[in-house]
Amino acid sequence: MCGILAVFGCLDTSQAKRVRVLELSRRLRHRGPDWSGLYHSGHSFLAHQRLAIVDPASGDQPLYNEDRQIVVTVNGEIYNHEKLREQLNSHKFHTGSDCEIVAHLYEDYGEEFVNMLDGMFSFVLLDTRDQSFIAARDAFGITPLYIGWGHDGSVWFASEMKALHDDCERFELFPPGHIYSSKQGGLRRWYSPPWYSESLIPSTPYDPLVLRQAFEKAVIKRLMTDVPFGVLLSGGLDSSLVAAVATRHLADTNAARQWGDKLHSFCVGLQGSPDLKAGKEVAEYLGTVHHEFHFTVQDGIDAIEDVIYHVETYDVTTIRASTPMFLMSRKIKSLGVKMVLSGEGSDEIFGGYLYFHKAPNKQELHQETCRKIKALHMYDCLRANKSTSAWGVEARVPFLDKEFVNVAMDIDPQWKMVKPDIGRIEKWVLRRAFDDEQNPYLPKHILYRQKEQFSDGVGYSWIDGLKSHAAEHVTDTMLGNAKYIFPHNTPTTKEAYYYRMIFERFYPQNAARLTVPGGPSVACSTAKAVEWDAAWADNLDPSGRAALGVHASAYQECNAGADKVPGNGFATIFGHMQIKDVTVGAREVVIKG
């Protein structure tokens, strides 16, 4: 993953301005510690901080076409670059970089080439022939991008907010699946799949083999690398499937010929956490070279300020989950690994969060999955990218492959509904697709393990420790006056208030606080889905354990919302559930009463 910064229409073209752009670009060096580049001509600046994954020797940026009239700076990976090169056989390529393809595609196809790209990317391109420029972001916002405007009429683009918030009068998130064109004077959507409208409910019958093959293809294409790599393995369904598929197909790749056919896996957690236990078991089953990292609650608390600075959010669930991922990424980088596969996106596509147990019908379930996918760039994509990029590590997410998402979102959502009476738990369609009796991908109990959010799976005491720490630093009076101090997205808990104070210290502009989403949520739901169960209104917490009556270790109902009242704490209970064997061979949770 790299860092990009571009400024167009800048009135100040002096050496001092060049130095300033370089200074701002250095704020992104954690994203790309391998090389720095800057193009400056007239009123335009394009800066790049490179993390070298493909063609480390010659792929430095900015990149150019043959006559150097097209200049491009890219953050991301284009997985189909070799196929696209075959279509551009009249062009001469100067590097082996997957990103050089962008400049040549623009020459042949103009601004309409973006939909031809298969990958995760944010890029900015300057056409020096007429000084026009474009910027674009991948379909789901896997890679981050911000757009800003200066007092002098300049337009800015940056991978992270920290590179432009001090110099722009206004800035905001660059929306996923969009392109900005200076010729057309603004943003337009380039990615418009059928599911995007939300109102069209798909009716394609569920075919487990089609779904399995689409996912295997998504994982295989992400094994494109010229550097050491691995997989994040929490032992949950999603990361375990990524690891299982990667392990099966690694031997046939160029990556295996360079780095060996033994996959390295990584897991983080508090001592005795659910993820550490499950991750180790899956690693032993798959035969990966497994690396287990431990942290303490205090380690995590000490890192909170760094996490908020890098991840650029005050969203509670994002910070909870980003912190262990941030700590793990540092350890991964110390081992010389620069790229990892990760399991983000599955829960949004398949309705995997535990609150989906309460979806009233297939229409609302489908619409909620659409809303969740559209919001990924503000939550899990932001976390996965910035937590790893803070240490110069790239995270790739096979579940957010465009082709795979199209297949998964075209399935009749009736198949995604949770139906305990016939053995269908959350994400059953995905579990069933990989339930191969003859050649098992995973042990049955892992394949049918209950959803565990990352911030919970690293150890339940992690969130409880964060709440206790925040209560020591935020008084009742402070929280009572929160609506006056923070009128936008007013924090309703001491934990949220604590994170907000830190965020505002790093990013005090109003534009910065507007980049962070808000609204009520239970177990990572959208505000709309909170309406599915009246009991949730008094238990608004993003932890999966807030899904009362669903999570096997749910918060005790009488203590719901306890961190809003001094002296109270959440209690964990295990007595509300009974276990029943189901036909698919899993253990299913059934709610009493």
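Quick look at the structure, then. In this text, all values refer to a predicted model and were calculated from it rather than measured experimentally. Note that residues are indexed from 1 along each chain, following the sequence as it is written. Predicted model: local features are reported for residues with pLDDT of at least 70 only, side-chain atom pairs are reported and counted for 80 or more only, and whole-chain, interface and lining totals are derived from all residues. Side-chain numbers here rest on the full set of heavy atoms in the structure, without hydrogens or water.

Focus: the pairing of strand E15 (residues 289-294)
- Note that strand E14 (residues 264-269) and E15 share 6 bridges and pair parallel. Each bridged residue has a counterpart across the sheet, and for Gly269 the counterpart in E15 is His294.
- Whether a crossover is right-handed comes down to one check: with the strands pointing away from the viewer, does the path from the first strand over the helix to the second run clockwise; if it does, it is right-handed. Secondary structure follows DSSP: runs of H or I at least 4 residues long count as helices, runs of E at least 2 residues long count as strands, and numbering of each begins at the N terminus. In this fold, the crossover linking E14 to E15 by way of helix H7 (residues 274-286) has right-handed handedness. Two strands pair if DSSP finds at least two bridges between them.

A few points about the sheet that holds strand E4 (residues 63-64)
- Read from one edge to the other, the open sheet built from 6 strands follows the order E4-E5-E6-E7-E11-E12, with strand pairing classed as antiparallel. Of all the strands in the sheet, the pair left with one neighbour each is E4 and strand E12 (186-189).
- Across 9 bridges, strand E5 (residues 70-78) lies against strand E6 (residues 119-127) in antiparallel orientation. By the bridge assignment, Val71 is partnered in E6 with Leu126.

Observations concerning empty space enclosed by the protein
- Cavities and pockets are defined on a 1 Å grid built over the protein atoms alone: a cavity is a set of grid points where a 1.4 Å probe fits but cannot escape, while a pocket is an open set with protein on both sides within 12 Å along at least five of seven lines, and lining residues are those with an atom within 4 Å of any such point. Grid points are joined across faces, edges and corners, and a volume is the space filled by probe spheres set on the points. Considering all chains together, one arrives at 5 cavities of 30 Å³ or more under this definition.
- Of the voids in this model, the largest cavity is the one considered here, and its volume is about 90 Å³.
- Along its surface, the largest cavity is lined by 14 residues, and Arg50, Leu51, Gly76, Asp98 and Cys99 are the ones closest to its centre.
- Tallying contributions element by element places E5 first for the lining of the largest cavity, with 3 residues.
- Any residue that is not Ala, Val, Leu, Ile, Met, Phe, Trp, Tyr, Cys, Pro, Asp, Glu, Lys or Arg is counted as polar, Gly included; the first ten are nonpolar and the last four charged. Here the residues of the lining of the largest cavity are counted per class, giving 6 nonpolar, 4 polar and 4 charged.

Let's talk about the nonpolar core
- Nonpolar cores are built from buried Ala, Val, Leu, Ile, Met, Phe, Trp, Tyr and Cys residues. Side-chain atoms within 4.5 Å join them into one set. Per-residue accessibility, obtained with a 1.4 Å probe over protein chains only, is compared with the maximum for each type, and a residue is labelled buried under 20%, exposed over 50%, and partly exposed between these values. If you look at the biggest cluster of nonpolar residues, it comprises 90 residues, and the most contacted ones within it are Phe123 and Phe404.
- Broken down by element, this core gets its largest block of residues, 7 residues, from helix H5 (residues 237-249).
- Throughout, a contact is declared for two residues whenever any of their heavy atoms are within 4.5 Å. When residues no more than four places from it in sequence are discounted, the contact partners of Phe123 are Ile4, Val72, Thr73, Val74, Val102, Phe113, Val114, Leu117, Ile134, Ala135 and Ala136.
- Among the nonpolar cores identified, the runner-up in size contains 62 residues, and Val21, Phe293, Phe326 and Val393 belong to it.

Comments concerning helix H11 (residues 362-374)
- How far a helix is expected to stretch is found by multiplying one less than its residue total by 1.5 Å. The end-to-end C-alpha separation of H11 is 18 Å, in line with the 18 Å expected for 13 residues at 1.5 Å each.
- Close packing links the buried residues of H11 with helix H10 (346-350) and helix H13 (402-409).
- Capping the start of H11 is the job of one residue whose side-chain oxygen sits 3.1 Å from the backbone nitrogen of Gln363: Asn361. For this analysis, a polar contact is any N or O atom pair within 3.5 Å, provided that within protein one partner can donate a hydrogen and the other can accept it, and provided that sequence-adjacent residues contribute only side-chain to side-chain pairs.

Focus on helix H20 (residues 494-506)
- The end-to-end C-alpha separation of H20 is 19 Å, in line with the 18 Å expected for 13 residues at 1.5 Å each.
- Most of H20 is tucked away: 10 of the 13 residues are buried.
- Every buried residue of H20 is accounted for by Lys494, Glu495, Ala496, Tyr497, Tyr498, Tyr499, Arg500, Ile502, Phe503 and Glu504.
- Structurally, H20 contributes buried residues whose contacts are with helix H8 (297-311), helix H9 (316-334), helix H17 (460-473), helix H18 (476-480), helix H19 (482-485) and helix H21 (510-513).

Some details on the packing of aromatic side chains
- For Phe, Tyr and Trp, rings pair up if their centres lie within 6.5 Å, where Trp contributes its six-membered ring, and each pair is then called stacked (planes under 30 degrees apart), edge-to-face (over 60) or tilted (otherwise). Counting across every chain of the model gives 37 aromatic pairs.
- Pairing Phe8 with Phe157 gives two aromatic rings, centres 6.3 Å apart and planes at 65 degrees, and the pair type is edge-to-face. A residue pair is termed long-range when its members are at least 10 positions apart, and Phe8 in strand E1 (residues 3-8) and Phe157 in strand E9 (residues 155-158) qualify at 149 residues.
- Phe8 sits in the buried class, given a relative accessible area of 2%.
- Residue Phe157 is classed as buried on the basis of its relative accessible area of 0%.
- The interplanar angle of 55 degrees and the centroid separation of 6.3 Å between the aromatic rings of Phe506 and Tyr507 together place this pair among those described as tilted.
- The exposure class of Tyr507 is buried, given its relative accessible area of 0%.

Regarding the packing of helix H4 (residues 208-221) against H5
- Packing of H4 against H5 leaves a shortest axis separation of 9 Å and a crossing angle of 70 degrees. The orientation of H4 relative to H5 falls into the category roughly perpendicular. Seen from H4, the contacting residues are Phe215, Glu216, Val219 and Ile220; seen from H5, they are Leu241, Val242, Val245, Ala246 and His249.
- When its residues are assigned to classes, the contact of H4 with H5 shows 7 nonpolar, 1 polar and 1 charged. Axis definition: a line fit to C-alpha positions, over the contact stretch in the case of helices; interaxial angles, taken between N-to-C directions, run 0 to 180 degrees. Orientation is classified from the angle alone, with under 35 degrees giving roughly parallel, over 145 giving roughly antiparallel, 65 to 115 giving roughly perpendicular, and any other angle giving oblique.

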